[in-house]
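Each chain, written out:
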Amino acid sequence: MRQVLADQYAEFAAARAGHLYRSACLLTAGDTYLAEDLVQETLGRLYISWHRVARVGNPAGYAQTVLTRAFLAHQRRRSSKERATAEFPEQAYADHGDVPLRLTLLQALARLPAKDRAVVVLRYWEDRSIEETADAMNASSAAVRTRCTRALGRLRELLGEDLGEYARF
């Protein structure tokens, strides 16, 4: 039985690690080192409780919730404001489209408060409903709606009124 669970976990982790990493990069506004740490923490937590997670109807959603909560917990720590470098590594995005556009979006996301950034990523990158986002963030639906409105307004200020050109990100 343990081997079966270990095999299921390994298969799940291999299939979802890339997606979790992309979400973590958006949550951290391009801090790839922190994104890797958050993914590792998420996968570690999932491994410990995999016997319960495997029975959940949506382990991918559960993993995303763990990732989001790990990010928000990290943001509450005083040391979370430390950065290893002020420049984004271009090689991470070199093969994936318009580098200046991605950097502009990541810089705009970085200027949002952590919870607002998490709402934007969950609602618009992960395409979650308000209720699912509220559950992942351990907040009310009204708080998620308020944060969405505030975050999108702030992004419009930072990026200009025409957000359509950024939609293909």
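Here, the structure is the one placed above.
Values in this document were obtained by computation on a predicted structure and should not be read as measured data.

### Notes on the overall build of the chain
- Looking only at helices and strands, the chain features 8 helices and 0 strands.
- Written out in order from the N terminus, the α and β elements of the chain read α-α-α-α-α-α-α-α.
- Of all 169 residues assigned to the chain, the portion counted as buried reaches 41%.
- Look at the contacts in the chain between residues 6 or more apart in sequence, and 65% of them connect residues 24 or more apart.
- A total of about 9900 Å² of accessible surface is found on the chain, and carbon and sulfur atoms cover 50% of it.

### Notes on the packing of helix H6 (residues 114-125) against helix H7 (residues 130-137)
- Between H6 and H7, whose axes approach to 10 Å, the crossing angle comes to 135 degrees. Comparing the axis directions of H6 and H7 gives the class oblique. Note that H6 runs across H7; the crossing there is right-handed. Contact with H6, carried on its side by Lys115, Ala118, Val119, Leu122 and Arg123, involves Ile130, Thr133, Ala136 and Met137 of H7 and no other residues of that element.
- A breakdown of the residues in the contact of H6 with H7 according to their chemical character gives 6 nonpolar, 1 polar and 2 charged.

Rules behind the numbers
Position numbers for residues count from 1 along each chain, tracking the sequence in the order it is written. Note on the predicted model: pLDDT of at least 70 is required for a residue's local features to be given, and 80 or more for side-chain atom pairs to be given and counted; whole-chain, interface and lining totals, by contrast, use all residues. The side-chain numbers reported here are obtained from all heavy atoms of the structure, hydrogens and water having been left aside. Think of it this way: any DSSP run of H or I at least four residues long counts as a helix, any run of E at least two long counts as a strand, and we number them from the N terminus. With a 1.4 Å probe rolled over the protein chains alone, any residue whose accessible area is under 20% of its type maximum counts as buried; one over 50% counts as exposed, and the rest are partly exposed. Any two residues having at least one pair of non-hydrogen atoms within 4.5 Å are treated as being in contact. Accessible surface is estimated by sampling points in the Shrake-Rupley manner with a 1.4 Å probe; for residues, cover comes only from the protein chains shown. Angles shown run from 0 to 180 degrees and are taken between the N-to-C directions of axes, each axis being a line fitted to C-alpha atoms and, for helices, limited to the stretch in contact. Roughly parallel refers to an angle under 35 degrees, roughly antiparallel to one over 145, roughly perpendicular to one between 65 and 115, and oblique to any angle outside these ranges. By convention the crossing between two helices is left-handed if the near helix lies anticlockwise of the far one by an angle smaller than a right angle, and right-handed if it lies clockwise. In this classification, Asp, Glu, Lys and Arg are treated as charged, Ala, Val, Leu, Ile, Met, Phe, Trp, Tyr, Cys and Pro as nonpolar, and every other residue, Gly included, as polar.

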